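# Results of the structural survey
One letter stands for each residue in the lines below.
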Amino acid sequence: RGGSTIPSPKMSQAEVERHRDEAKAMFYHAYDSYLTYAFPKDELAPISCKGHDTHNCHGCLLTFYDALDTLVVLGNRTEFQRVVAWLANNGPAIFEREVTVSVFETNIRVLGSLISNHLLASDPELNLMPGYKDELLNLAVDVGDRLLKAYSTLTGLPYGSVNLKT
């Protein structure tokens, strides 16, 4: 192990709660603004307050996926359930499009979110999604299958981007 440890400042319970509440307020300011001004685009441009699709994913709802596990951390079970249900109903159509996406970005942001949130949704101890039927996992398999073709190269090195439909 070696090395020195950096002492961490002790905070009072009131300071911890104040910082927690500030972080929660900042998240909801961003999340609610995304839903109001940008959804179903990938991201919200903070100055123009308009949604735009990234050149990496072209309308895959990146912010929606990025925020999903934070809803669990913040204890917002209702919104987590709403988003999972929305993705279960609408997710397949997002990827059944003639669009070229970044394999890296889609892998870490979309596929990673689907898998980690499937684990949260299916955890019996958390009981976040009574009646959950692996909808996020099924969507992850669909996305993963679409990305796999990027790894079928003569050199063994993956392509940087792949068309989701063809």
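What you see is a predicted model, and the numbers here were worked out from it, not measured in a lab. (Residues numbered from 1 in each chain as written. Predicted model: local features only at pLDDT ≥ 70, side-chain atom pairs only at ≥ 80, totals over all residues. Heavy atoms only, no water.)

## Observations regarding the overall build of the protein
Counting its secondary structure elements, the protein contains five helices and four strands. Taken from N to C terminus, the helices and strands of the protein fall in the order α-β-β-α-α-β-α-α-β. Across its three principal axes, the protein shows a C-alpha extent of roughly 55 × 45 × 40 Å. Put simply, 60% of the contacts in the protein that link residues at least 6 apart link residues at least 24 apart. As displayed, the protein offers around 10,100 Å² of accessible surface, 58% of which is attributable to carbon and sulfur atoms. Counting 15 positive and 20 negative side-chain charges, the protein places the centres of these two groups 1 Å from one another. (Helix = DSSP H or I, 4+ residues; strand = E, 2+ residues; numbered from the N terminus. Contact = heavy atoms within 4.5 Å. Areas by Shrake-Rupley, 256 points an atom, 1.4 Å probe, with all protein chains shown as cover. Lys, Arg positive; Asp, Glu negative; His and termini not counted. Charge placed at Lys NZ, Arg CZ, Asp CG, Glu CD.)

## Section: helix 2 (residues 62–73)
Three or more residues of helix 2 are buried, namely Leu62, Phe64, Tyr65, Ala67, Leu68, Leu71 and Val72. In the core, the buried residues of helix 2 are packed alongside helix 1 (13–38), helix 3 (77–95), helix 4 (103–122) and helix 5 (135–148). Gly75, located one to two residues past helix 2, shows a positive phi value of around 80°. (Buried < 20%, exposed > 50% of the residue type's maximum accessible area, 1.4 Å probe, protein only.)

## Thoughts on the pattern of salt bridges
The tally for this structure, following the rule as stated, stands at ten salt bridges. For Arg18, the salt bridge identified is with Glu22, shortest N-O distance 3.1 Å. Residue Arg18 and its partner Glu22 are both found in helix 1; the two are separated by four residues, about one turn of the helix. Its relative accessible area of 42% is what places Arg18 among the partly exposed residues. A salt bridge links Arg20 to Asp21, with the shortest nitrogen-to-oxygen separation between them at 3.3 Å. For Arg20, a relative accessible area of 48% corresponds to the partly exposed category. (Salt bridge = Lys/Arg side-chain N within 4 Å of Asp/Glu carboxyl O.)

## Looking at the packing of helix 3 against helix 5
Running from amino to carboxyl end, helix 3 crosses helix 5 at an angle of 15°, the nearest separation of the two axes being 9 Å. Considering the angle they form, helix 3 stands roughly parallel to helix 5. Note on packing geometry: the crossing formed by helix 3 with helix 5 is left-handed. Touching Val84, Leu87, Ala88, Gly91, Pro92 and Phe95 of helix 3 are Glu135, Leu136, Leu139, Asp142, Val143 and Arg146, all from helix 5. Across the contact of helix 3 with helix 5, the residue classes tally to eight nonpolar, one polar and three charged. (Axes fitted to C-alpha atoms, helices over the stretch in contact; angles between N-to-C directions. Parallel < 35°, antiparallel > 145°, perpendicular 65-115°, else oblique. Left-handed = near helix turned anticlockwise from the far one by under 90°. Nonpolar A, V, L, I, M, F, W, Y, C, P; charged D, E, K, R; others polar.)

## As for the nonpolar core
Tyr65, Phe80, Phe95 and Val110 are the most contacted members of the largest nonpolar core, which has 39 residues in total. Mapped by element, the contributors of at least two residues to this core are helix 1, helix 2, helix 3, helix 4 and helix 5. For this core, the element with the highest residue contribution is helix 2, accounting for seven residues. Discounting residues that sit within four places of it in the chain, Val110 has contacts with Cys57, Cys60, Leu62, Tyr65, Phe95, Glu105 and Val143. (Core = buried A, V, L, I, M, F, W, Y, C linked by side-chain atoms within 4.5 Å.)

## Digging into the packing of helix 1 against helix 2
The interhelical angle for the contact between helix 1 and helix 2, taken along N-to-C directions, is 140°, at an axis separation of 11 Å. Relative to helix 2, the element helix 1 lies oblique. When you trace helix 1 past helix 2, the crossing you get is left-handed. On helix 2, the residues touching Phe27, Tyr28, Tyr31, Tyr34 and Leu35 of helix 1 are Thr63, Phe64, Ala67, Thr70 and Leu71. Per-class residue counts for the contact of helix 1 with helix 2 are eight nonpolar, two polar and no charged.

## Considerations on the packing of aromatic side chains
If you walk through the whole model with that rule in mind, you get seven aromatic pairs. Their ring planes at 15° and their centres at 5.5 Å tell us that Phe27 and Tyr31 sit as a pair that is stacked. One end of the pair, Phe27, and the other, Tyr31, are both in helix 1, four residues apart, so they sit about a helical turn from each other. In terms of burial, Phe27 and Tyr31 fall into one category: buried. Aromatic rings pair up to connect Tyr34, Phe39, Phe64 and Trp86 into one cluster. (Phe/Tyr/Trp six-rings, centres within 6.5 Å; stacked < 30°, edge-to-face > 60°.)

Don't take any of this as a statement about function, it's just geometry.
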